[in-house]
Amino acid sequence: MPYYDVSIPLKLKILTYYDERDEDLTGYAVKVPLKNKLCYGIVIEKREEKPEEVESIKKIEKVLGRIYSKNFIDFLRWMSFYYICELGSIVRLTFFDELIAFLEGKTGKPRGSKHSKNRLIEKIAVNEQTLATILEAFKIRDYRAFLLHTPNVSYEKSLFLHIAEMVSFMEGQVLFILPEIREVESVYHSIVDRIGDKAVMLHSEMRASEKLKSIERLMKENIKVIVGTRFALFAPTKNLSLIALSQESSWLYKAEETPRYHTRESAIMRGFIEKCPVVLCDTMPSVSSFWNSTKGKFEYIDDFNRYPHPEILILKQPLGSIFHPEALLNLKLNRKDGVIIVSPRAGFSLLRCSECGEVIKCQGCGATMLFHKEKNFTECKRCNSTEKTPEFCPTCGGAELHYVGTGTERLLEELKKTISDSDVILKDYSIDDDQIEGISITTSAKLKKSSVPIFKTAVFVDFDFFLSLPDYRALENAFSKVLSLCHIIRNDGNIIIQTRNPENEFFRYLKRYDFKGFYRYELKHRRETLFPPFVRLIKIVLKTNKKSVTEKLDEIKNLIKEKTKADLIGPLGNRDESKFSYILRSQNKKELTEAVNNCIKWLRKMRGIEIVVEVDPANLKQ
């Protein structure tokens, strides 16, 4: 009698059932008994013998039909292993509910057109050789990974349009993944405008009936193009022949909930398993992706210089004033052509005690508090708490607090003093702006690579903030911030960066757009300090409300160290709190993943704790 391993889309281990029919049901949706009710699941594997550790096995209640290929099942199993989580947590990502609804004969409703809110993309010229290389890989349908260094996001989107038009007449499907919903909708409508109803869209803000309609069309119709955000990676496809990611370095590709997967790494593995090419696009490819290209894992294509870029000027930040005289001159000369000023933070500034040197921090979570001068309060961006601005230093009781750094409110105050013309417009920048007059003010967090180039000049103040962050990717992220700013500056314009250390070697690479020089510089330091891509990092977070468990933290640490043999930092956290984290690091990446998978099985035997595992963590803090 054949037995079948079944994964139910819950945080459960794989369960085994039997069925009287003797056929391979791998990839089939089934209805099975679980405790006192029936649940839907997916058959992961057929086995000929009953598992020794299982006493009694229940019968599959109903077989609904095949929804996944064996290759896709292999992909899900890899994700479960690599990201160290139950397979059921992965199955939840795979449009499982919509597929079950489809098998049971339910139908969805199509999404209404939103052309008015999502402008159609203008198709610009792309490198014909690059396009031909990608299309040839599409036709051959074998795994190859390309790292495409693009001049801007418009180039990436235009490339997608070119590909969509060409593949609409070929055998195979293409999956386009973009980091933000507004970009997905814009690209989708532009593709539909060119190839008609051969495309579907998938993103998290679609209504359940709309997602069901997209899945229904994928299962029944001759769909050529799928456009979506990161979770579109799990779309059920019949003949996947190409995966392409726009802005591959975007932090939005890292999931923040279990399973904490990264879309880029997962797309590469799905392409490898499905035997289809993968194209990673970006104007600032990640250091890890560039390193993979030097090792022959990715084929590097450099199209960055096919379009001109604004000049980058590095100026020394003057003492006692916010703007360098040359920056101020640019503001006055170009204000009618559009000027934008960028600060690392909102609010007015930070506050520091003149006596002890401590910056005012949140009493709840320890993050730096942001000072709002006009309303006289401080704000924590991490936990969203607010407090009245203290009169004395909470650390030493000092009575003198002074401003540190420059926020958007402080910029606005300074500009009102400096620019006396009554006709100058000062406003907050929005990514939907299409007006270029006046001076706009924004934070670096609001810069988007997909925005339209409407400004003549940009001034980036307090840029040293990014270089001083305690993050091994600080320089990479700083370079990327400037590239984001490039997207809203016209090619004949300029970007002024103010820094207290203009001689820093980093700025030599930045002002010349010398990516390869920067990557070599950065990789040298990461190799010396043992950070990715030369090691794998895994963060284990323990959550508990039981004091008895917190007293065993050293015992837990010793267990992790014994089972993994990796470099270990932690526990990080306060013993009076209920959340602790451990950071593991190893140059033997596969061995570390296997060891942590084994270690988690031991930790889950402990009562009173919740375990969260993050592979390749985006944040090393607790």
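Structure: above.
Residues numbered from 1 in each chain as written. Predicted model: local features only at pLDDT ≥ 70, side-chain atom pairs only at ≥ 80, totals over all residues. Heavy atoms only, no water.

What follows covers the packing of aromatic side chains. According to the stated counting rule, one finds 33 aromatic pairs in the structure shown. Look at Phe 75 and Trp 78: their rings are 6.4 Å apart centre to centre, the planes differ by 15°, and that puts the pair in the stacked class. Pair noted here: Phe 75 and Trp 78 are both in helix α1 (residues 70-82), with a separation of three residues, about one helical turn. Of the two residues examined, Phe 75 and Trp 78, each falls in the buried class. Ring centres of Phe 304 and Phe 515 lie 4.8 Å apart, and the angle between their planes is 70°; on these two criteria the pair is classed as edge-to-face. Taken as a pair, Phe 304 in the loop between β13 (299-302) and β14 (311-316) and Phe 515 in helix α15 (residues 515-529) lie far apart in primary sequence, 211 residues in all. No difference in accessibility class separates Phe 304 from Phe 515, as the two residues are buried. For Lys 198, the ring lying beneath its charged end belongs to Phe 169, and the centroid distance is 5.2 Å. (Phe/Tyr/Trp six-rings, centres within 6.5 Å; stacked < 30°, edge-to-face > 60°. Helix = DSSP H or I, 4+ residues; strand = E, 2+ residues; numbered from the N terminus. Buried < 20%, exposed > 50% of the residue type's maximum accessible area, 1.4 Å probe, protein only. Lys NZ or Arg CZ within 6 Å of the ring centre and 35° of its normal.)

So, on to the pattern of salt bridges. All chains considered together, the criterion is met by 32 salt bridges. Of the charged contacts in the structure, one is a salt bridge between Arg 604 and Glu 86, with a shortest N-O distance of 3.6 Å. Within this pair, whereas Arg 604 is found in the loop between α18 (589-603) and β28 (610-615), its partner Glu 86 is found in the loop between α1 and α2 (87-91), the two being separated by 518 residues in sequence. In this structure Glu 86 comes out as buried when scored by relative accessible area, which is 15%. (Salt bridge = Lys/Arg side-chain N within 4 Å of Asp/Glu carboxyl O.)

This paragraph deals with the packing of helix α9 (residues 287-294) against α15. It is at 10 Å that the axes of α9 and α15 come closest, and there the two elements cross at 95°. With respect to each other, α9 and α15 are oriented roughly perpendicular. Residues Val 287, Phe 290 and Trp 291 of α9 touch α15, and the partners they reach there are Lys 516, Phe 518, Tyr 519, Glu 522, Leu 523, Arg 526 and Arg 527. (Axes fitted to C-alpha atoms, helices over the stretch in contact; angles between N-to-C directions. Parallel < 35°, antiparallel > 145°, perpendicular 65-115°, else oblique. Contact = heavy atoms within 4.5 Å.)

Among the six residues that make up strand β23 (residues 455-460), six are buried, leaving the element largely enclosed by the rest of the structure. The pairing of strand β15 (residues 339-343) with β23 spans four bridges and is classified as parallel. What sits directly across from Ile 341, in β23, is Val 459. Relative to strand β24 (residues 489-499), β23 is paired through five bridges, and the arrangement is parallel. Along β24, the bridge assignment pairs Val 459 with Ile 496. (Pairing = 2+ DSSP bridges.)

So, about the sheet that holds strand β8 (residues 173-177). Hydrogen bonds between backbone groups are what pair the strands of a sheet, and the pairing can be parallel or antiparallel. Pairing within the open sheet is parallel, and its seven strands lie in the order β9-β10-β8-β11-β12-β7-β13. Of all strands in the sheet, those with a lone pairing partner are β9 (199-202) and β13, marking the two edges. In this sheet, adjacent strand axes meet at a mean angle of 20° when their direction is disregarded. Where α9 meets the sheet, it contacts β7 (145-149), β12 (278-282) and β13, and its direction lies at approximately 120° from that of β7.

Glancing now at the side chain of Asp 19. Among the secondary structure elements, Asp 19 is positioned in the loop between β2 (15-18) and β3 (28-34). Within the local environment of Asp 19, its side chain forms a polar contact with the side chain of Arg 21, the two groups lying 2.9 Å apart. (Polar contact = N/O pair within 3.5 Å; in protein donor to acceptor, adjacent residues only side chain to side chain.)

Below, the discussion takes up helix α3 (residues 96-103). Burial analysis of α3 places six of its eight residues in the buried class, the great majority of the element. Looking at α3, one finds that the buried residues are Phe 96, Glu 98, Leu 99, Ile 100, Ala 101 and Phe 102. Lining the buried residues of α3 we find β3, β4 (37-47), β6 (62-66), α2 and α7 (208-220). One or two residues past the end of α3 sits Gly 105, with phi positive at roughly 90°.

You can see Arg 473 is positioned in the loop between α12 (464-467) and α13 (474-486). Residue classification places Arg 473 among the buried positions, given a relative accessible area of 15%. Apart from the residues within four sequence positions on either side, Arg 473 is in contact with Arg 526, Pro 617, Ala 618 and Asn 619.

For the bond from Pro 532 to Pro 533, the omega torsion is 15°, close enough to zero to count as cis. Here Pro 533 shows up in the loop between α15 and β25 (536-543). Of note, Phe 95 is a non-glycine position whose phi angle comes to about 60°, a positive value. Along the polypeptide, Phe 95 turns up in the loop between α2 and α3. On the basis of relative accessible area, Phe 95 is assigned to the buried category, the value being 3%.

Attention shifts here to the nonpolar core. Across soluble globular proteins, nonpolar side chains have a tendency to be buried as a group. Ranked by size, the top nonpolar core spans 72 residues in total, and within it Phe 75, Leu 202, Phe 234, Ile 243, Ile 540, Ile 560 and Leu 603 carry the most contacts. When neighbours within four sequence positions are excluded, Ile 560 is seen to be in contact with Ile 540, Lys 565, Leu 568, Tyr 582, Leu 584, Cys 599 and Leu 603. With 39 residues, the next largest nonpolar core counts Val 287, Phe 455, Leu 510 and Phe 515 among its residues. (Core = buried A, V, L, I, M, F, W, Y, C linked by side-chain atoms within 4.5 Å.)

The next point concerns the sheet that holds strand β17 (residues 370-372). The three strands lie next to each other as β17-β18-β19, forming an open sheet whose pairing is antiparallel. Each of the sheet's edge strands pairs with one partner strand only, and the pair in question is β17 and β19 (386-388). Mean inter-strand twist for the sheet, computed between neighbouring axes without regard to direction, equals 30°. In this structure, β17 lies alongside strand β18 (residues 377-379), joined through three bridges in antiparallel fashion. Residue His 372 lies in a different strand from β18, and its bridge partner there is Phe 377.

Relative accessible area serves as the criterion here: at 5%, Phe 515 is assigned to the buried category. The residues contacting Phe 515, other than those within four sequence positions of it, are His 149, Thr 283, Met 284, Phe 304, Phe 479 and Leu 483.

Before going further, it helps to examine the layout of surface pockets. Taken as a whole, the second largest pocket encloses approximately 1,100 Å³ of empty space. Taken together, the elements giving at least two residues each to the lining of the second largest pocket come down to β2, β3, α1 and α18. Partitioned by chemical class, the residues of the lining of the second largest pocket number 14 nonpolar, four polar and 11 charged. (1 Å grid on protein atoms, 1.4 Å probe; cavity = no way out; pocket = protein on both sides within 12 Å on 5 of 7 lines; lining within 4 Å. Points joined across faces, edges and corners; volume = space filled by probe spheres on them. Nonpolar A, V, L, I, M, F, W, Y, C, P; charged D, E, K, R; others polar.)

Bringing the packing of helix α5 (residues 153-167) against helix α6 (residues 181-195) into the picture now. Put simply, α5 and α6 touch, their axes get as near as 10 Å, and they point 35° apart. Relative to α6, the crossing made by α5 is right-handed. Facing Lys 157, Leu 161, Ala 164 and Glu 165 of α5, the residues of α6 in contact are Glu 183, Val 187, Ser 190, Ile 191, Arg 194 and Ile 195. Among the residues forming the contact of α5 with α6, the class breakdown is five nonpolar, one polar and four charged. (Left-handed = near helix turned anticlockwise from the far one by under 90°.)

On to helix α17 (residues 553-564), then. In a regular helix each residue adds 1.5 Å, so 12 residues correspond to 16 Å; α17 covers 16 Å between its end C-alpha atoms and thus fits that length. Taken together, the buried positions of α17 are occupied by Leu 553, Ile 556, Leu 559, Ile 560 and Thr 564. The buried side chains of α17 occupy one side of the element, clustering within an arc of 120° when seen end-on. Exposed residues pointing more than 90 degrees away from the buried face of α17 are listed as Glu 555, Asn 558 and Glu 562. One or two residues past the end of α17 sits Lys 565, with phi positive at roughly 60°. (Expected span 1.5 Å × (residues − 1). Arc of directions from axis to C-beta.)

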